[in-house]
Amino acid sequence: VLSTSAFTARKKESAYCAAKAAAEHWSDCAKQELQEYDVRLIHVFPGGMKTKFAENSGLQIPPNAMDPDEVADFILNALAKPRNIVTDVRMYRKG
């Protein structure tokens, strides 16, 4: 699970955004390397979620934050797709 922070700069989150961007790039490379072994790697980029993460980091949880169960449903849906379908999941909050 990555984050929309991989491609969105945010004040007071430079290290987190940089780490997620690096993780995205690493997973792009790993995806190519693992294809020959029939290993599927799916990028998941959820936006702000209703967890303690923001609070524990001293940040505010967005008022329209996503429910982790809804994000899990999107992930399960992506995993259920046939292997010949390439799926990356980018989720954004409305508003």
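Computed from a predicted structure; not experimentally measured.

In this section: the overall build of the protein chain. Each helix and strand counted, the protein chain has three helices and two strands in total. Taken from N to C terminus, the helices and strands of the protein chain fall in the order α-β-α-α-β. Projected onto its principal axes, the C-alpha coordinates of the protein chain cover approximately 40 × 25 × 20 Å. In the protein chain, which comprises 95 residues, the share counted as buried stands at 28%. The contacts of the protein chain with a sequence gap of at least 6 include a subset with a gap of at least 24, amounting to 53%. Put simply, the protein chain shows about 6,800 Å² of open surface, and 55% of that area lies on carbon and sulfur atoms. The protein chain carries 13 positive and 12 negative side-chain charges, and their two centres are separated by 7 Å.

Approximately 470 Å³ is the volume attributed to the largest pocket. Lining the largest pocket are 23 residues, and of these Glu 13, Gly 47, Gly 48, Met 49 and Phe 53 lie nearest its centre. Mapped onto the lining of the largest pocket, the elements with two or more residues apiece are helix H1 (14–34) and helix H2 (53–56). Considering only residue class, the lining of the largest pocket consists of ten nonpolar, seven polar and six charged. If you add up the space inside the second largest pocket, you get close to 210 Å³. Grouping the constituent residues of the lining of the second largest pocket by class yields five nonpolar, two polar and four charged.

So, on to helix H3 (residues 68–80). Between its terminal C-alpha atoms H3 stretches 18 Å, which fits the 18 Å expected from 13 residues at 1.5 Å a residue. If you check the start of H3, you find a side-chain oxygen 2.8 Å away from the backbone N of Asp 69, and it comes from Asp 67.

One pass over the structure, following the stated rule, counts two aromatic pairs. Note on Tyr 16 and Phe 53: the rings are 5.3 Å apart at their centroids and 45° apart in plane angle, and the pair reads as tilted. Here Tyr 16, found in helix H1, pairs with Phe 53, found in helix H2; they are 37 residues apart in sequence, far enough to count as distant. Owing to a relative accessible area of 28%, Tyr 16 belongs among the partly exposed residues under this scheme.

One non-glycine residue with positive phi stands out, namely Lys 12, at about 65°. With respect to the helices and strands, the residue Lys 12 is situated in the segment before H1. Looking at Lys 12, the relative accessible area reads 75%, which means it is exposed. Of note, the phi angle at Asp 38 is positive, near 60°, even though the residue is not glycine. Tracing the backbone shows Asp 38 in the loop between H1 and strand S1 (44–45).

How each quantity is defined
Residues numbered from 1 in each chain as written. Predicted model: local features only at pLDDT ≥ 70, side-chain atom pairs only at ≥ 80, totals over all residues. Heavy atoms only, no water. Helix = DSSP H or I, 4+ residues; strand = E, 2+ residues; numbered from the N terminus. Buried < 20%, exposed > 50% of the residue type's maximum accessible area, 1.4 Å probe, protein only. Contact = heavy atoms within 4.5 Å. Areas by Shrake-Rupley, 256 points an atom, 1.4 Å probe, with all protein chains shown as cover. Lys, Arg positive; Asp, Glu negative; His and termini not counted. Charge placed at Lys NZ, Arg CZ, Asp CG, Glu CD. 1 Å grid on protein atoms, 1.4 Å probe; cavity = no way out; pocket = protein on both sides within 12 Å on 5 of 7 lines; lining within 4 Å. Points joined across faces, edges and corners; volume = space filled by probe spheres on them. Nonpolar A, V, L, I, M, F, W, Y, C, P; charged D, E, K, R; others polar. Expected span 1.5 Å × (residues − 1). Polar contact = N/O pair within 3.5 Å; in protein donor to acceptor, adjacent residues only side chain to side chain. Phe/Tyr/Trp six-rings, centres within 6.5 Å; stacked < 30°, edge-to-face > 60°.

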